[in-house]
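Observations on the three-dimensional arrangement
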Amino acid sequence: MNKTLTKPITQEIEPTILTRTSTNVATVTNTSTVTNAPTLGCSLRLDDVCLEIEGKQVINKLSLSTDIKRLGVIGRNGSGKSTLSRLLSGLIETSSGRIEVAGIDPFKDRKGALREIGLLFQNPEHQIIFPTVLEEITFGLRQLGQKKKAAEHNALQVLNNFGKAHWENVHTSTLSQGQKHLVCLMAIVAMKPNLIILDEPFAGLDIPTKKQLRRYLDKFSGSLIHISHDPEDLHGYEQLLWLEGGEVAALGSYDEVLPRYLSEMDTLGDSDDISDLAG
Ligand SMILES: Nc1ncnc2c1ncn2[C@@H]1O[C@H](COP(=O)(O)OP(=O)(O)OP(=O)(O)O)[C@@H](O)[C@H]1O
Ligand SMILES: [Mg+2]
């Protein structure tokens, strides 16, 4: 994708440390020499965010403040990762607390959220609404205000870029799960958001498709939040957010957070209590 960020490049983020302030806000502090110039990447500010669904506290007093280019999100089944992705995209409202992504409240500013943030759902069945691939990809562009002809032209261009021009008139219902995932990703990419949130984007993809997507994502000039159960997917990511029971268990560099997470998961996996594993 050709889109470039308007913010100037000032620094690559170096290994980071997690600080819990007196107000319990997880803040990532850059340990490299910090300049006063704005950092590259998308700002993420969560202030005491709570979400209750059907009487259950799914997100609990989540506070964090960071600027991200590549953020991996890890955590056990049911820890709140997908729910957080929906909150950050503005698809659902918090029960209390404040969310700011790239300077906007994504739930209140729907136009801004549409422009800035693209979310790839964990389940493509929940995302696809149109009968054909071209219609599906064109829809997002029409929502951005593009005229029908221009939107179709741009959608075809994206299909071409992914080597899927022959999918233009394919019925989405006839595609496999992995192919549907790819359609959803192309629809998001077509909209050129500054931040893409990926909820298990590689689930169900074959090895070549996963490799191609990985290469594409590595080249993406915007920011990525990538939820995955496979740490290998997040290799090279500058920060990891570890969620546990809807709360921040850790936020820091990949090298700092991952060993702690894997050790904890190993211990839990070795325990006999399957009810605990079910979350
Ligand atoms: N619409 C809903 N109604 C009731 N409970 C919900 C709903 N959505 C999410 N939850 C609950 O919120 C918790 C977090 O769910 P979420 O899907 O965010 O977890 P996750 O970390 O993405 O899990 P996984 O790794 O399995 O995808 C779970 O306990 C889930 O049952
Ligand atoms: Mg999930």
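1. Some remarks on the nonpolar core
As a rule of thumb, nonpolar side chains are buried together in soluble globular proteins. Counting 61 residues, the largest nonpolar core has L120, I137, M186, A190, I197 and L240 as the members making the most contacts within it. When residues of this core are assigned to their parent elements, the largest contribution, nine residues, is made by helix α5 (residues 177-190). Setting aside residues up to four positions removed in sequence, I137 forms contacts with A155, V158, L159, M186, A187 and A190.

2. Here we look at the environment of E125
The residue E125 is located in the loop between β7 (117-120) and α3 (133-143) in this model. Separated by 55 residues in the primary sequence, E125 and K180 have C-alpha atoms spaced 7.7 Å apart.

3. So, the sheet that holds β7
Remark on secondary structure: sheet strands pair via backbone hydrogen bonds, oriented parallel or antiparallel. Taken in spatial order, the six strands make up an open sheet running β7-β8-β9-β5-β10-β11, and their pairing is mixed. The open sheet is flanked by β7 and β11 (247-253), the only strands paired with a single partner. Along the sheet, successive strands turn relative to each other by an average axial angle of 15 degrees, direction set aside. The sheet contact formed by strand β5 (residues 70-75) and strand β10 (residues 239-244) spans five bridges and is parallel. Bridge assignment links I74 to a residue of β10, and that residue is W242. Running at roughly 155 degrees to strand β8 (residues 195-199), helix α1 (residues 81-88) makes contact with β5, β7, β8, β9 (223-227) and β10 of the sheet.

4. Thoughts on the site of ligand 1
Lining the immediate surroundings of ligand 1 are 13 residues, of which N77, G78, K81, S82 and T83 lie closest. Going through the elements one at a time, β4 (56-68) and α1 are the ones with two or more residues in the shell around ligand 1. The element best represented in the shell around ligand 1 is α1, accounting for three residues. Each residue belonging to the shell around ligand 1 can be placed in one class, and the counts come to two nonpolar, eight polar and three charged.

5. A few points about α1
What α1 keeps buried is the set K81, L84, S85, L87 and L88. All buried residues of α1 project into a common sector of 160 degrees when viewed along the axis, lining one side. Remark: G90 follows α1 within two positions and exhibits a positive phi of approximately 80 degrees.

6. A short note on unusual backbone geometry
Working note: non-glycine residues mostly have negative phi, and peptide bonds are mostly trans. One non-glycine residue with positive phi stands out, namely D48, at about 55 degrees. Checked against the element boundaries, D48 lands in strand β3 (residues 42-53). On the basis of neighbour count, D48 is assigned to the partly exposed category, with 15 C-beta atoms found within 10 Å.

7. A short note on the pairing of β3
Looking at chain direction, β3 and β4 are connected through nine bridges and run antiparallel. Its bridge partner being in β4, I53 is matched across the sheet by K56. Pairing analysis gives five bridges linking β3 to strand β6 (residues 96-101), with the strands arranged antiparallel. Bridged to C50 within β6 is S96.

Parameters at a glance
Residues numbered from 1 in each chain as written. Chains lettered and ligands numbered in written order. Predicted model: local features only at pLDDT ≥ 70, side-chain atom pairs only at ≥ 80, totals over all residues. Core = buried A, V, L, I, M, F, W, Y, C linked by C-beta atoms within 7 Å. Buried ≥ 20, exposed ≤ 12 C-beta atoms within 10 Å, placed from the backbone. Helix = DSSP H or I, 4+ residues; strand = E, 2+ residues; numbered from the N terminus. Contact = placed C-beta atoms within 7 Å. Pairing = 2+ DSSP bridges. Axes fitted to C-alpha atoms, helices over the stretch in contact; angles between N-to-C directions. Near = placed C-beta within 6 Å. Nonpolar A, V, L, I, M, F, W, Y, C, P; charged D, E, K, R; others polar. Arc of directions from axis to C-beta.

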